[in-house]
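Spelled out, the chains give:
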Amino acid sequence: MFSARVPASTLGRRHFLQALSGGMACALPGWALAANGLWMPSEDLPLTPTQTEGPFYPETAIEQQMFNDADLSQKMTGHELAKGQLVVVNGTVTDRRGQPLAGSVVEVWQACASGRYNHSRDGENPLLLDNNFQFWGRAITAADGKYSFKTIIPGKYPGRTGRHIHYRIDSPQHKRLVTQCYFSEYGEDNAKDGIYRQLDAKQRQQVTVELDKPADAAQPWNGAFDIVMAKA
Ligand SMILES: [Fe+2]
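Calculation criteria
- Residues numbered from 1 in each chain as written.
- Predicted model: local features only at pLDDT ≥ 70, side-chain atom pairs only at ≥ 80, totals over all residues.
- Helix = DSSP H or I, 4+ residues; strand = E, 2+ residues; numbered from the N terminus.
- Buried ≥ 20, exposed ≤ 12 C-beta atoms within 10 Å, placed from the backbone.
- Contact = placed C-beta atoms within 7 Å.
- Pairing = 2+ DSSP bridges.

## Observations concerning the overall build of the protein
Here comes step 1: Regarding its fold elements, the protein presents four helices and 12 strands.
Here comes step 2: Buried positions account for 33% of the 232 residues belonging to the protein.
Here comes step 3: Considering only contacts in the protein between residues 6 or more positions apart, those separated by 24 or more positions represent 72%.

## Notes on the pairing of strand S11 (residues 221-224)
Successive residues of a regular strand alternate their side chains across the two faces of the sheet.
Here comes step 1: Strand direction decides the pairing type here: strand S3 (residues 86-94) and S11, joined by four bridges, are parallel. Bridge pairing links Val-87 to Trp-221 in S11.

## Quick word on unusual backbone geometry
Here comes step 1: The backbone phi angle of Phe-135 is positive, close to 75 degrees, even though this residue is not glycine.
Here comes step 2: Classification of Phe-135 as buried rests on a count of 27 C-beta atoms within 10 Å.
Here comes step 3: Backbone geometry at Gln-173 places phi at a positive 65 degrees, although glycine is not the residue there.
Here comes step 4: On the secondary structure map, Gln-173 appears in the loop between strand S7 (165-170) and strand S8 (177-183).
Here comes step 5: On the neighbour-count criterion, Gln-173 (9 C-beta atoms within 10 Å) is exposed.

## What about the sheet that holds strand S4 (residues 105-109)?
Here comes step 1: Read from one edge to the other, the open sheet built from five strands follows the order S5-S4-S7-S8-S9, with strand pairing classed as mixed. Where the open sheet ends on each side, the last strands, each with one partner, are strand S5 (136-140) and strand S9 (208-209).
Here comes step 2: For S4 and S5, the ladder comprises five bridges, and the chain directions are antiparallel. Within S5, the residue paired with Val-105 across the bridge is Ile-140.

## Quick look at the environment of Glu-53
Here comes step 1: Mapped onto the secondary structure, Glu-53 falls in the loop between strand S2 (39-41) and S3.
Here comes step 2: For the pair Glu-53 and Tyr-167, spaced 114 residues apart in the sequence, the C-alpha separation amounts to 8.1 Å.
Here comes step 3: Residue contacts for Glu-53: discarding those within four places in its chain leaves His-166 and Val-178.

Here you go:
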């Protein structure tokens, strides 16, 4: 029987369904059956590219902040929602063989919808600080390597045209990864962004989240940002 230890998100839905219906006899492009009976990528997955941490990593460690959970769209349940387009970004943290990395600490920080960070170094920025936005969050990946954040689409700000979320990920026995993700919705802005432009075409694809927009405008947009970590 096909092993569920290959995450469907990295396998791709079409091939995953082929595998389920075809069982062991099914040939999977890019995948090979290992001696232990598990399907593994036949080549190492490309590492998620590193990008600059930038100047706005939270001044107090995220786990010490009063509000630090995986829902950045409001400081706590019952509080007013932050301004901006809601979005849920989820994904799977894996090693280069596609194995999920449970217990990974995933930290995110970003600007509010107006384009300002909650950071003293952004004090000269005249854009309005949204006090209902949480600005940073933290999640621990589950046994299947998955994480999820609910947040808002970050605003543009002086010096950065690409709307981006900063990530810092720590997985046991792996190198710390600092990177950023972007949204396909804003392709023209991304193309003008100096940090985004430092990536090659394949890397840009890796860090650009495709968005699914529900018909109900009150529902958040959804997208996946999968992360591949390098061994320490
Ligand atoms: Fe930034």
